[in-house]
Structures are given as structure tokens and as C-alpha cells.
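Listed here are the chains, written in short residue letters.
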Amino acid sequence: WGPVAGWLNKTTYESRFRIQPVEGAGLSWDAAIGFARTSTQLRDQIDAALPQLGPRIAELAAKYGLPSDPPIRLGAAPSPIKLASLAGPAQILRQPAAKPPVIRVSDANATDPSAETMTVGKEIFNGTCAHCHGPDAVQAERRIDLRRLRIRYGEDMRDKFWTTVHEGRPSKGMPAWREVFTDDQFESIYTFLLTVQSPETTN
Ligand code: HEC
């Protein structure tokens, strides 16, 4: 998370936060480079080069906002004052929790069942599918760009969707979701995907 948080803090949040590494299982770890057993020469060359790269690595770490402070143990703070004195976490705690999206009954759309279905589908999509297919289905990699379903399959789009989400394509990295979602939920995801289909007609 360090590189992600650091980069976001630097680029999106104008370094508003202080990124403080904390101790804990899976929160920091050493990195290593592996070599094939026979590549001893390469291994030795890299071993020799690494110390000289120290300053350059530090430069890059700063450039990408990587947190560099040693991790602290949260529970070990002598008093809450210590934690509060860290600008970062204290500020994070002050951020209001993200509000769950509210579907207002008074919304003109709310009377349109397909709009509501679309909203539900979009939420499921962003919670589960976006991890691979991109938030709101915005995905640069064509193979997994679900905005291209219509271009790719035309009339068969619906069938392809159902078969793929039910059965997955395990050998290609697409999990099967049959046990996870109901058909109503698949229907709502499909309704959402219909709203983002690319109008492009060329392949
Ligand atoms: C772990 C990553 C991952 C997740 C999560 C995931 N998918 Fe996929 N999905 C893939 C990959 C990879 C492919 C492309 C498989 C291939 O190359 O044929 C794919 C393909 C698809 C396709 C067929 C695309 C096409 O053009 O043939 C559909 C439809 C689809 N996914 C829907 C979903 C939906 C809906 C969800 C959420 C419920 C979801 N996927 C979650 C990885 C994922």
C-alpha cells in the first residue's frame, strides 16, 4: 500500500497527508531479486551494482512519494497524543466516511425500474468486477474492456455475457460467478454494461 498511498498523496492529494508506515502482518516486507541457479554471474553483477544505485533508488522513492520512515507500532504508542501528533493518520481519521450512495425516491429516475437496476448493477460491478475490468468498466486493455461487448459480439452479446459470468473462463483468469450472485444481480450488471457500450463501429 505504501507506493500506492504515497503516489496518490503526492499526485492527487498534493501531499496533504503524511504517509506513515505501520508495523503489522503484511504491512511491510523486504524485497528480493531471484535468479536462476545458473545465473551466478548476473547475480554477482547486480549485487555489485546495487550499492551504487542507492542514491538513485532514494531519488526515485522520493519522486514517487514512497514512504521512507521506519514503521511504527500503533499499539505501542505511549499515549494517544503521539498518534494525534502525526499529521497524516489524524487527518485521515477526520475525513468523513464515504457515504453509501443514496437512491432518492423523489428522483425522477427512481420511478424507472431500469435506472434503479442499472444503479444496483453498477455498484456490484464497481465492487467486484472493476478490480479487473476497471472502474465503471473503463479499461484500456481491449481484451477485458467490457465496453466492447456489443462491438465484439453484436446480437450474441447477451448470451456471451451470461455464459461467461456463470461459467467464467478459469484458464484465462475470469472467475465463475454463478455461486456468488443471483440472476437478478447478473441482470442488473448487464443493464449497467448496456449503458457503457462503446459506440465505435470499427474493431
Ligand atoms: C480476477 C479478474 C476478473 C474479475 C474480478 C472479473 N473478471 Fe471478467 N474477465 C476477466 C478476464 C481476464 C477476462 C478475459 C478472458 C478471455 O481472455 O477470454 C474476462 C472476461 C469477461 C467477459 C467476457 C468478455 C469478452 O469480451 O469476451 C465478461 C462478460 C466478464 N468478464 C464479466 C465480468 C463480470 C460481470 C465480473 C464481475 C462479476 C467480472 N467479469 C469479474 C477477469 C476478471
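Residues numbered from 1 in each chain as written. Predicted model: local features only at pLDDT ≥ 70, side-chain atom pairs only at ≥ 80, totals over all residues. Heavy atoms only, no water.

Taken together, 21 residues lie near the ligand, and Cys129, Cys132, His133, Arg152 and Met174 sit nearest. Contact between the ligand and Arg143: an oxygen atom at 2.7 Å from a side-chain N or O atom of the residue. One of the side-chain N or O atoms of Arg152 is found 2.3 Å from an oxygen atom in the ligand. Among the secondary structure elements, those contributing two or more residues to the shell around the ligand are helix H5 (113–133), helix H6 (149–153) and helix H7 (157–167). Here the element with the most residues in the shell around the ligand is H5; it accounts for four residues. Each residue belonging to the shell around the ligand can be placed in one class, and the counts come to 13 nonpolar, four polar and four charged. (Near = heavy atom within 4 Å. Polar contact = N/O pair within 3.5 Å; in protein donor to acceptor, adjacent residues only side chain to side chain. Helix = DSSP H or I, 4+ residues; strand = E, 2+ residues; numbered from the N terminus. Nonpolar A, V, L, I, M, F, W, Y, C, P; charged D, E, K, R; others polar.)

A general tendency of soluble globular proteins is for nonpolar side chains to be buried together. By size, the foremost hydrophobic cluster in this structure holds 19 residues, and its most contacted members are Phe125, Phe161, Phe186, Ile189 and Leu193. Elements with a minimum of two residues in this core: H5, H7 and helix H8 (183–194). Here this core gets five residues from one element, more than from any other, and that element is H8. Once residues lying within four places of it in the same chain are set aside, the contact partners of Phe161 are Phe186, Ile189, Tyr190 and Leu193. (Core = buried A, V, L, I, M, F, W, Y, C linked by side-chain atoms within 4.5 Å. Buried < 20%, exposed > 50% of the residue type's maximum accessible area, 1.4 Å probe, protein only. Contact = heavy atoms within 4.5 Å.)

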